[in-house]
Amino acid sequence: MKMLLLILASVLISMAKEECKYIEGIASWYGEKFHGRKKANGEIFNMYKYTAASKIFPLDSYVLVKNLENSKEVVVRITDRGPLKKGRIIDLSKSSAEKLGFVKKGLVKVRVIPLHCVVDEETDHIADIIKTF
C-alpha cells in the first residue's frame, strides 16, 4: 500500500511539473472583426479586455505572455479556441497586443506560461484568486 501511494505521489508531482512548462511560438491578435461575437467559453468578445484564444491552455485559465522581442508582458484569460492559422500558438485581443507592443507588426514571437506557475503560492495572495478560475 505504501509503495502504491509513493508511486501515485511521484506521478502527480511529475504531472504538475509538466503542466508548468512554457511554450514559445508566434502570437497574433484579433479585434474589430470579432468584437461583440460569442466566444468558446460563452462570453461576448471584447477587444478591449486582456483575453486570448488558445488550443493548448484550458478555457478560463490565466497565462502570462511575454514578447520575446521587447520583454513586455501581459496576463490574459483564455476565453476562446484558436488561433485558426497554422504555426501560431496564441491569438491575443487587441488590448493585449497593444500592451505587448505589436499591433502594427501583427505577429510576434512570445513565451506563454500558465500564470499559476509563476506565482509563489506561499506568499502571493493572487494564487488563491487564480485557483478559482
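About the thresholds
- Residues numbered from 1 in each chain as written.
- Predicted model: local features only at pLDDT ≥ 70, side-chain atom pairs only at ≥ 80, totals over all residues.
- Heavy atoms only, no water.
- Helix = DSSP H or I, 4+ residues; strand = E, 2+ residues; numbered from the N terminus.
- Contact = heavy atoms within 4.5 Å.
- Polar contact = N/O pair within 3.5 Å; in protein donor to acceptor, adjacent residues only side chain to side chain.
- Buried < 20%, exposed > 50% of the residue type's maximum accessible area, 1.4 Å probe, protein only.
- Pairing = 2+ DSSP bridges.
- Axes fitted to C-alpha atoms, helices over the stretch in contact; angles between N-to-C directions.
- Core = buried A, V, L, I, M, F, W, Y, C linked by side-chain atoms within 4.5 Å.
- 1 Å grid on protein atoms, 1.4 Å probe; cavity = no way out; pocket = protein on both sides within 12 Å on 5 of 7 lines; lining within 4 Å.
- Points joined across faces, edges and corners; volume = space filled by probe spheres on them.
- Nonpolar A, V, L, I, M, F, W, Y, C, P; charged D, E, K, R; others polar.
- Phe/Tyr/Trp six-rings, centres within 6.5 Å; stacked < 30°, edge-to-face > 60°.
- Lys NZ or Arg CZ within 6 Å of the ring centre and 35° of its normal.

Teacher, can you tell me more about the environment of R88 here?
Relative to the helices and strands, R88 is located in strand β5 (residues 88-93). Residues R88 and V108, 20 residues apart in the sequence, show an inter-C-alpha distance of 9.7 Å. With sequence-adjacent residues up to four places away left out, R88 is seen in contact with I26, S28, P83 and L107. A polar contact of 3.5 Å, which involves the side chain of R88, links it to the side chain of S28.

Would you mind showing me how to read unusual backbone geometry here?
Across residues other than glycine, the phi torsion is negative in most instances, and most of the peptide bonds are trans. Here the amide bond leading from G82 into P83 is cis, since omega sits at -5°, within 30 degrees of zero. Mapped onto the elements of the fold, P83 is located in the loop between β4 (73-80) and β5. Despite not being glycine, S71 has its phi angle at roughly 70°, a positive value. Along the polypeptide, S71 turns up in the loop between β3 (62-67) and β4. A residue is classified by how much of its surface remains accessible, and S71, at 46% relative accessible area, is partly exposed.

I'm lost on the sheet that holds β5 in this one. Help?
Backbone-to-backbone hydrogen bonds pair the strands of a sheet. The strands run either parallel or antiparallel. Sheet architecture is closed into a barrel: six strands sit in the order β1-β5-β2-β4-β3-β6, paired in mixed fashion. The sheet shows a mean angle of 45° between the axes of neighbouring strands, taken without regard to direction. Both β3 and strand β6 (residues 108-114) contribute to a ladder of five bridges, which runs antiparallel. Bridge pairing links V65 to V112 in β6.

Quick question: what am I supposed to make of the nonpolar core here?
Here is a general trend for soluble globular proteins: nonpolar side chains tend to be buried in one another's company. Counting residues in each nonpolar core, the largest one holds 17 residues, and the members touching the most others are V63, V65, I90, L92, V110 and V112. Elements represented by at least two residues in this core include exactly β3, β4, β5, α2 (94-100) and β6.

Would you explain the pairing of β6 in this entry?
The side chains of a regular strand alternate between both faces of the sheet. Of all seven residues that make up β6, five are buried, and the element is covered over most of its length. Taken together, the five bridges between strand β1 (residues 23-30) and β6 define a ladder with antiparallel strand orientation. Following the sheet pairing, G25 is matched in β6 by V110.

What am I meant to see in the layout of surface pockets here?
Where empty space is left in the structure can be found by rolling a water-sized probe over the atoms. Counted as a void, the largest pocket has a volume near 180 Å³. If you go around the largest pocket, you meet 14 residues; those closest to its centre are Y30, F34, P83, L84 and D91. Counting residues per element, the ones that place at least two in the lining of the largest pocket are β1 and β5. Among the elements that line the lining of the largest pocket, the one with the most residues is β1, at three residues. Taken together, the residues that form the lining of the largest pocket break down as six nonpolar, two polar and six charged.

Got a minute to help me understand the packing of aromatic side chains in this structure?
Aromatic rings in a pair are described by how distant their centres are and how their planes are angled relative to each other. Within this structure, the stated rule accounts for two aromatic pairs. On the basis of an interplanar angle of 75° and a centroid distance of 5.5 Å, the ring pair of Y30 and F34 is categorised as edge-to-face. Consider the rings of Y30 and F45, whose centres lie 4.6 Å apart with planes at 5°: the pair is stacked. You can see Y30 sitting in strand β1 and its partner F45 sitting in the loop between β1 and β2 (51-53), a full 15 residues away along the chain. Under the relative-accessibility criterion, F45 is labelled buried at 3%. Ring pairing ties together the aromatic residues Y30, F34 and F45, which thus form one cluster. Between the NZ or CZ atom of K39 and the centre of the ring of F45, over which it lies, the distance is 5.3 Å. The lysine or arginine in question, R111, covers the ring of Y22, its NZ or CZ lying 4.6 Å from the ring centre.

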